[in-house]
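The primary structure of each chain is shown beneath.
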Amino acid sequence: MTWDEMVPLLGEATWQTALMVAWSTLFTVLLGLPLGVALVVFDRGGLRPMPVLKSALGMVVNVGRSLPFIVLMIAIIPFTRLVVGTTIGTAAVVVPLTVGAVPFFARLVETALREVDRDVVQAAQAMGAGRTTIVRKVLLPEALPGIVAGVTVTVVALIGYTAMAGTIGGGGLGDLAVRYGYMRFETEIMIATVVVLVVIVQIMQSLGDLVARRLSHK
Amino acid sequence: MIQASGLRKSYGGTVALDGVDLHVRQGEIYGVVGQSGAGKSTLLRCVNLLERPDAGTVTVDGQELTALSGKELNLARRRIGMIHQHFALLSSRTVAGNVAFPLEVMGVPAAERRRRVGELLELVGLGGRGGDRPNQLSGGQKQRVGIARALAGNPSVLLSDEATSALDPATTQSILALLKRLNTELGLTILLITHEMDVIKSVCDSAAIMAGGRVEESGAIADLIRTPGSRLTREIFPLPEPAPAGSVTLTFTGDPRQPVVSEVVRKFDVDLSILGGSIEELTAGPVGRLRVALTGDEAAPALDYLRERGLLVETA
């Protein structure tokens, strides 16, 4: 395959991957952040201990995390149809991507929140701050560098998940590598895909590290 | 100002407070001293109900906190400042942002907040450092930010949780001097816990010694000094314990230059040798403690004479 043939293919696949990752990251953060907060707040010794609820949430998260992405993607097809009205294409991939990444990200948020100094939370309580204020003004801002690091790890994981999106017609770089590089023995495409993926992951990781460092004043 | 009675608290099988009473008067600096595990930290946390005691009541500034919960308790806590051993500053905020935090919690408008933060930083000697990050400050400066933050709500009471334990001796003295100044200038009542006897010596008007979840001794330091067998006195003046048999320990307050010892030797047929002693400058004034061996036929009348002169005489 010539360079001229390869570029549009790579361009389109990269764009599809970018779309899938961007949308699923957005939804993952929107859903995973509150879930991560809930895991910490409802924990024994948390701001509002509700151990039963916390155990239930923890179990749901663990179930989500124990399924390999490709299994999850197929298994939740009915749910995907319910949400976006279709089960194939890029939009249909965002649903399983989000469902797969939310538990993962929620655990990362949980870890970041647990890193917040207990003394600082107690100081806020001593000042008469309520639970909502403590979450909004103490826990989340103090854990922000850790949360940003968690978003970065999630983005990289999502890029990995999108490789399987071809299975349900989502396209993207992984799909390109499978269809051309594997099925049609187009080694050049395989190599080009690998290079593009490595570059994207490097950029994402460096960007995430930079932002996290800027935010941290430890 | 602070009245706690019958406080009990246990964690699992461990008893942290075993029936503690505490009375802190308006405008005084009250120190609770004890080794780690004595229960002093739990006691302090029970005063603003960061820990809820299993039994007993806490009243601060006429309000019974143990009867409150939720929103009412949060409102009451705003009248009680607290400073912490490791400062507990928000690393995500600037110095000014940290001091502004309690004001935000109280719902003070932004303009008023800025003005108040400026005043508070000026008060603790950090004027112009509002834009710095806590990690750019030294330990002593961080504690000053902690103090400014604790004073934001114009509290009537300040709780200090080992506030100087993480600081070097010179910085400790400057922070203690600041607390003393706030105590005098603002009439702030301060309850502090510490394991450092020096803190008790240099700023406290009253003290309590805790061990095993109980208060072993408490009261105004000036009174405790005059109490025979006082543990506090023994802790303040490090003489070899127990006192050797036949020795006499003299505790005297007031002008340390009174020549009582030479008077005794001149008036009575006794020999006196000094085994040890020191003079400490307490908030109650200078106090000396002298361990002597007194021999001779007139030893008994000599001791009576010393008692008449107002010295506390303890014989071993």
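On a predicted model such as this, the values are computed, not experimentally measured, just so you know. (Residues numbered from 1 in each chain as written. Chains lettered and ligands numbered in written order. Predicted model: local features only at pLDDT ≥ 70, side-chain atom pairs only at ≥ 80, totals over all residues.)

**Observations regarding the nonpolar core**
Step number 1: Ranked by size, the top nonpolar core spans 127 residues in total, and within it V47(B), V99(B), A148(B), L191(B) and A207(B) carry the most contacts.
Step number 2: Per element, the largest residue contribution to this core is 15 residues, and it comes from helix α5 (residues 90-114) of chain A.
Step number 3: Not counting the four nearest positions on each side in its chain, L191(B) is found in contact with I2(B), V24(B), Y30(B), L44(B), V47(B), V157(B) and L159(B).
Step number 4: With 13 residues, the next largest nonpolar core counts L250(B), F252(B), L294(B) and L311(B) among its residues. (Core = buried A, V, L, I, M, F, W, Y, C linked by C-beta atoms within 7 Å. Buried ≥ 20, exposed ≤ 12 C-beta atoms within 10 Å, placed from the backbone. Helix = DSSP H or I, 4+ residues; strand = E, 2+ residues; numbered from the N terminus. Contact = placed C-beta atoms within 7 Å.)

**Observations regarding the pairing of strand β8 (residues 189-194) of chain B**
Residues and elements named next belong to chain B.
Step number 1: With six of six residues buried, β8 lies mostly within the body of the structure.
Step number 2: Residues of β8 alternate between two faces, with T189, L191 and I193 on one and I190, L192 and T194 on the opposite face, all of them buried.
Step number 3: One ladder, built from five bridges, connects strand β3 (residues 29-33) with β8; its direction is parallel. Along β8, the bridge assignment pairs V33 with T194.
Step number 4: The pairing of strand β7 (residues 157-161) with β8 spans five bridges and is parallel. Directly across from L159, in β8, lies its bridge partner L191.
Step number 5: In this region the chain leaves β7, passes through helix α6 (residues 169-186) and returns to the parallel neighbour β8; the handedness of that crossover is right-handed. (Pairing = 2+ DSSP bridges. Right-handed = clockwise from strand over helix to strand, strands pointing away.)

**Side note on the environment of I279(B)**
Residues and elements named next belong to chain B.
Step number 1: Locating I279 in the fold gives a position in strand β12 (residues 271-282).
Step number 2: C-beta crowding within 10 Å serves as the criterion here: with 14 such atoms nearby, I279 is assigned to the partly exposed category.
Step number 3: Note: C-alpha distance between I279 and Q3 (276 residues apart in sequence) is 33 Å.
Step number 4: Leave out the neighbours within four places in its chain, and I279 touches P256, P286 and G288.

**Thoughts on the sheet that holds strand β5 (residues 63-64) of chain B**
All names here are of chain B.
Step number 1: The four strands lie next to each other as β2-β1-β4-β5, forming an open sheet whose pairing is antiparallel. Each of the sheet's edge strands pairs with one partner strand only, and the pair in question is β2 (14-24) and β5.
Step number 2: Strand contacts of helix α1 (residues 40-47): β1 (2-11), β2 and β4 (55-60), with the helix running at about 120° to β1, the strand carrying the most contacts. (Axes fitted to C-alpha atoms, helices over the stretch in contact; angles between N-to-C directions.)

**As for the interface of chain A and chain B**
Step number 1: Of the residues lining the interface, 18 residues belong to chain A; the matching set on chain B comes to 18 residues.
Step number 2: Sorting the residues of the side of chain A that touches chain B by element identifies α6 (118-126) and α7 (131-162) of chain A as the ones contributing at least two each.
Step number 3: A total of six residues in the side of chain A that touches chain B trace back to one element, the largest contributor, which is α6(A).

**Quick notes on the packing of α5(A) against α7(A)**
All names here are of chain A.
Step number 1: Put simply, α5 and α7 touch, their axes get as near as 8 Å, and they point 150° apart. If you check the angle between α5 and α7, you find them roughly antiparallel. As for the relative orientation of α5 and α7, their crossing is right-handed in sense. Packed against α5, whose contacting residues are L97, G100, A101, F104, F105, L108, V109, A112 and L113, the element α7 presents L139, A143, G146, I147, G150, V153, T154, A157, L158, Y161 and T162 at the interface.
Step number 2: Among the residues making up the contact of α5 with α7, the classes are represented as 15 nonpolar, five polar and no charged. (Parallel < 35°, antiparallel > 145°, perpendicular 65-115°, else oblique. Left-handed = near helix turned anticlockwise from the far one by under 90°. Nonpolar A, V, L, I, M, F, W, Y, C, P; charged D, E, K, R; others polar.)

**Examining the domain arrangement of chain B**
Residues and elements named next belong to chain B.
Step number 1: When its domains are assigned, chain B resolves into domain 1 (2-224) and domain 2 (237-315).
Step number 2: Summarising the inter-unit geometry, the C-alpha centres of domain 1 and domain 2 are found 38 Å apart.
Step number 3: The interface is formed by six residues belonging to domain 1 together with four residues belonging to domain 2.
Step number 4: Contributing elements (two or more residues each) for the side of domain 1 that touches domain 2: α7 (197-203) and α8 (221-225). (Domains from an automatic or database assignment.)

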